[in-house]
Structure formats: C-alpha cells, structure tokens
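# Coordinate analysis (summary)
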Amino acid sequence: MEKIKTDRRLKGEFMCMWLLISFISGVVFCHAWHISGIAMFKITACICGIMSGVPLLLSVATWAFSNHINRGIKYAWKHYRLVLGLRKHLLNAGIYTTKKLGAMKWAEIPWITVDFAPDFKSGTVWIRNSIKFAEKLNSIDISPSMGRYVVEQVYLMDNKNHYRFDFYDSSLERRLVFDSFQEFKAHSDSLGNYELFIDSYTNLPLTHQLIVGQTGSGKSYALHGYLLQMLLKPVPYHLYFADPKASSIALLGERVSPETTSDDFEGIVALLETFVSQMKERQQQMKHYLSQKIDGDYRDFALSPHILVFDEFADFSLLLQSKDKKIRDHVNSLISSIVLKGRQAGFFLWIVMQQAGSNNIPTFIRDNLPWKVVLGNAEDQTYVTAFGAGADIPLRKMEAGDGVFTYPAVANKPRLCEFPTLDFDILDALGAGVM
C-alpha cells in the first residue's frame, strides 16, 4: 500500500516542480532565441527568479515564522528538525486526517510546536488535541522520534485543546558531583533560603516529604545532602531527628542537634510533643503577621523552618502498635497535627521508610505528605502505595541515589531524579564547624 503524503510534503514537491519548470522555461526561451553562454545563464536565472521568486520567498518566510527564527538560526534549525521527526512519528502512528481534492489526497497532521529552554537542555512540545486523536495522544510515547531528548511529563491542558509534553536532554548528566565541601556550598548558596536541590534539573520549596527505598537505594545519602543544604542556609533551620534504629541519621543528629535527637520510643514521643508545642507557639506568632498578609506563610516573614526527620518510620509504627490505645491515639494525633497544620507555620515532617504500605504508615498521613520520593528499582507495589494506582513510572535502571518523585504543580506524575554525589567526608565537615 502506498504511503500517504503530508500536506507539507506535497507543498515541497510542488515547489521543487515549479522551480524545475521555471528552469526549463528559461532554457527553452534561450534556445528559441539562440542565446548561449553567459547570457543564457543570466536570462535563465532571471526567468527562474520571475516565476519562482515570490513563491520561494513566501515559503522561506513561512518556514522562518513557524520555526521561530526571531529566537536565532540555531533555535529555528533545532525546532525544524524536532518537529519534522515528530510529524513523521505521528504519520506512522496514524495520527492524521485524510484530505481530498479530486483524485489527490494527503495527510493533515495535528499542529505541533516546540518551546526550548534557552540552553536547549529541556523544553516542551505542544500538540493540538482533537476528538479523533485524543485517546492516541494520551497514550503515545513520542520520545523515539526526538533523538537525545526524552519526554518526562505529559499533560492535557485545562482547556483540553492541547497536549503538553515536557522533555529533557538525556545526554546531559542530571546528577551533581561535588569533589569538595566548598563546591557543594557554592551551589547551595545559589538557591533561595527555603528551597533545596535534588539534581541539576530540580530545585523545590520546603514541604512535608516521604522518602521510600530499600536498603542500599540511597535514602540515607539523599538525607545527608538535604541536611547539608539546610545547615548552610542563612536562615537558621531547626532540625529534629527521630531514628528508632539508631543509624547514621541519629549519628548526624547527635553532631548537629543532640538536644532534639532521639532513638528510643519514649524519647521520640517526647520529641513529637516538643515539635508540636513549638508549632503551636509559631501559630500564635503567625496570627500577628497574617494580619498584614492574610495569605502569607512563614517565608513571607523570614521565619526559620522546623523540620522533623523521622527515619525508619516503620520500626516506630511497629513499636506503636504494641502500645495501648491511649498512647497510639496520642501519637497519631501529634503526627496528624503536624502534617495538617504545619505547612503555613514552617513546620515539616519528613518520613523515611522502606515500604509505605498502610500497615507501616497510616494512609491519611501518607496521603498528606505532598513531596514523595521513591529511590532505587522498587517493586510495583511500592510505587502504588507511594504514588497511587496507575502511576506511570519512567522505565529506567536505577542506581543508588536514582529515583522518581512527585511534587504538587511541579511533578504531578512521577519524574526522574538523581541525588548528588558527595565526594567528601560529611562528618569531617561537621567536625570542622562549617555547618
């Protein structure tokens, strides 16, 4: 079966045919008038210009406009190449409308445009939606047609008129590597007081967080990077550490803030009570500030954030289940209070665990931790409990420190992330007093 041609292909073929006719017309004219040599060349070129000049100029202008030549020749060329590949991909996938004029027919492909970031490391593809192709566009993977670019997120815009495909350059390294603490500090200092970086693509504001991953997936290492950033901020971060396994997080806590570090059940409950008490004091303080800006939060008033890092939460939950109902209700009430009321006041709970099933963490608590990270090559059920059923997880072999995350308005669907490599001794940095 003969492959159908696109409207642009037919326009291009028509333009080439018209140029050939123009050239032949010039040659025939010169032959009829017995013109040869340089004169024949000049007259043929003149006839070609007269016959084809306007159509050719219109074609060039249309190409330049549709490929955003105003943003530079390099931009226009990259735009053209990427859109061309996407058009071929959609044609092969049958995403087109067949048009006819007499015996001639052609394929009309949905409108496509690309918006590159200034450094061409990422960007967005926009494809016009239609009733006929909505289902196909919702499930199609356009990455194979984009060369080194890989689609990371797909959205249907609120008006339902366009699909948006966010992509990044897969040839570039996401992971940041720091050979010294000074390099790490310089990068951290480039961010705002209330945001943290994960990799070269991802900087996120503080909020409640859930970190999930099996042993060896890089959970502790990810936390080390987070904590170093927080301790370097010009605004003081008040850190609390709960670690029922007395692992590396408890060790760091003893170095950073021994008075707010605990590794036994009673001490952790007392720590939660202290944290909530401090939060309530901040809420009273916020009432005065909010009279000046009613929709503000702790950042608007340059207040210090408080973060409770709760490592190995499943172990604590197991201990909690063995206690009487009064203690269980009290502890669950404290944790619920933090996740429901802490954000505006700048009080955040970070829960770290290997599995986020309902037997390890109450569903209500888990669902109210908006920043979720799953590290390593996790099982399907791990992704389901963290992100919900039907979550589209990028297919990729995960190394230690690699994973996926969600964050409201930034990554509504799981997005790849790579935590930094720290080629320096964290405890040495602590001992040197740089934090």
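Below you will find a few notes about this structure.

About the criteria used
Residues numbered from 1 in each chain as written. Predicted model: local features only at pLDDT ≥ 70, side-chain atom pairs only at ≥ 80, totals over all residues. Heavy atoms only, no water. Helix = DSSP H or I, 4+ residues; strand = E, 2+ residues; numbered from the N terminus. Rg over C-alpha atoms; globule rule 2.2 N^0.38 Å. Contact = heavy atoms within 4.5 Å. Areas by Shrake-Rupley, 256 points an atom, 1.4 Å probe, with all protein chains shown as cover. Lys, Arg positive; Asp, Glu negative; His and termini not counted. Charge placed at Lys NZ, Arg CZ, Asp CG, Glu CD. Salt bridge = Lys/Arg side-chain N within 4 Å of Asp/Glu carboxyl O. Buried < 20%, exposed > 50% of the residue type's maximum accessible area, 1.4 Å probe, protein only. Pairing = 2+ DSSP bridges. Axes fitted to C-alpha atoms, helices over the stretch in contact; angles between N-to-C directions. Left-handed = near helix turned anticlockwise from the far one by under 90°. Nonpolar A, V, L, I, M, F, W, Y, C, P; charged D, E, K, R; others polar. Polar contact = N/O pair within 3.5 Å; in protein donor to acceptor, adjacent residues only side chain to side chain. Core = buried A, V, L, I, M, F, W, Y, C linked by side-chain atoms within 4.5 Å. Expected span 1.5 Å × (residues − 1). Bend = angle between axes of the 7 residues up to and from the residue.

Turning next to the overall build of the protein chain. Of the regular secondary structure elements, the protein chain holds 13 helices and 18 strands. Over its C-alpha atoms the protein chain spans a radius of gyration of 30 Å, topping by over 25% the 22 Å that the globule rule assigns to 435 residues. Dimensions of the protein chain, computed from C-alpha atoms along their principal axes, come out at roughly 105 × 45 × 45 Å. Across the protein chain, contacts joining residues at least 24 apart in sequence account for 66% of those joining residues at least 6 apart. Accessible surface, the protein chain: about 22600 Å² in total, of which carbon and sulfur atoms supply 57%. Computing the positive centroid from 46 side-chain charges and the negative centroid from 44, the protein chain places the two 13 Å apart.

Bringing the pattern of salt bridges into the picture now. Tallied over the full model, the rule gives 18 salt bridges. Its salt-bridge partner being Arg343, residue Asp297 comes within 3.7 Å of it at the nearest N-O pair. In this pair, Asp297 sits in the loop between α8 (265-290) and β13 (306-310) while Arg343 sits in helix α10 (residues 325-345), placing the two residues 46 residues apart along the sequence. The exposure class assigned to Asp297 is buried, which follows from its relative accessible area of 6%.

So, on to the environment of Gln214. Relative to the assigned elements, Gln214 resides in the loop between β10 (209-212) and α6 (219-232). C-alpha of Gln214 to C-alpha of Asn377: the two residues are 163 residues apart in sequence and 8.7 Å apart in space. Excluding residues that lie within four positions of it along the chain, Gln214 makes contacts with Lys219, Gln354 and Gln355.

Here we come to the sheet that holds strand β15 (residues 371-375). Overall, mixed pairing links the 8 strands, which are arranged β12-β11-β13-β14-β10-β15-β16-β17 in an open sheet. Pairing within the sheet leaves two strands with one partner each, and these edge strands are β12 (261-262) and β17 (411-418). On the sheet, α6 packs against β10, β11 (238-242), β13, β14 (347-353) and β15 and is oriented at approximately 160 degrees with respect to β14. Most of the contacts of helix α12 (residues 380-387) go to β15, to which it runs at about 175 degrees, and overall it touches β10, β15, β16 (402-407) and β17.

Our focus in this paragraph is the packing of α8 against α10. Interaxial distance between α8 and α10 falls to 10 Å at its minimum, and their mutual angle equals 35 degrees. Pair α8 / α10 crosses with left-handed handedness. Contact residues: α8 offers Phe265, Val269, Leu272, Glu273, Phe275, Val276, Met279, Arg282, Gln283, Met286 and Leu290, while α10 offers Ile327, His330, Val331, Leu334, Ile335, Ser337, Ile338, Lys341, Gly342, Gln344 and Ala345. Its residues placed into classes, the contact of α8 with α10 shows 14 nonpolar, 5 polar and 3 charged.

All right, on to the side chain of Ser262 then. Within the fold, Ser262 resides in strand β12. We classify Ser262 as buried; its relative accessible area is 10%. A polar atom in the side chain of Ser262 sits 3.2 Å from the backbone nitrogen of Ile268. In contact with Ser262, not counting residues within four places along its chain, are Phe241, Ala242, Asp243, Gly267, Ile268 and Leu271.

It is worth spelling out the sheet that holds strand β3 (residues 112-116) at this point. Here 4 strands make up an open sheet; going across it, the order is β3-β4-β6-β5 and the pairing antiparallel. Each edge of the sheet is formed by a strand with only one pairing partner; in this case those strands are β3 and β5 (149-156). Each adjacent strand pair in this sheet contributes to an overall mean axis angle of 20 degrees, direction not counted. Contacts from helix α3 (residues 73-92) reach β3, β4 (122-128), β5 and β6 (162-169) within the one sheet, and its direction differs from that of β3 by about 140 degrees.

For the rest of this paragraph, the subject is the pairing of strand β1 (residues 97-101). Sheet topology note: the β1/strand β2 (residues 104-108) ladder contains 5 bridges and is antiparallel. Residue pairing in the sheet places Leu101 in a bridge with Met104 of β2.

Secondary-structure assignment places Gly192 in the loop between α5 (181-189) and β8 (195-199). Sequence separation of Gly192 and Lys219 is 27 residues, and the distance between their C-alpha atoms is 24 Å.

Looking now at the nonpolar core. Judged by nonpolar contacts, the single largest core of 47 residues is most densely connected at Tyr226, Met230, Ile307, Trp350 and Trp371. Broken down by element, this core gets its largest block of residues, 7 residues, from α6. The residues contacting Tyr226, other than those within four sequence positions of it, are Leu196, Phe197, Ile198, Gln209, Ile211, Trp350, Trp371, Val373 and Phe419.

Turning our attention to the side chain of Glu152. Topologically, Glu152 is positioned in strand β5. The buried category is assigned to Glu152, whose relative accessible area is 15%. In terms of polar contacts, Glu152 uses its side chain to reach the side chain of Arg174, at 2.3 Å. The residues touching Glu152, leaving out its near neighbours within four places in the chain, are Asp166, Phe167, Tyr168, Arg174, Pro414, Arg415 and Leu416.

This brings us to α10. Along its 21 residues, α10 runs 30 Å from first to last C-alpha, staying within 8% of the 30 Å computed at 1.5 Å per residue. Helix geometry: α10 is bent most strongly at Val339, by close to 40 degrees. Three or more residues of α10 are buried, namely Val331, Leu334, Ile335, Ser336, Ser337, Ile338, Val339, Gly342 and Ala345. Elements in contact with the buried residues of α10: α8, β13, α9 (313-321), β14 and α11 (363-367).

Taken N-terminus to C-terminus, the directions of α9 and α10 make an angle of 145 degrees; their axes are 9 Å apart at the nearest point. Together, Phe313, Phe316, Leu320 and Gln321 of α9 and Ile327, Arg328, Val331, Asn332 and Ile335 of α10 make up the contact between the two elements. Here the contact of α9 with α10 is composed, by residue class, of 6 nonpolar, 2 polar and 1 charged.

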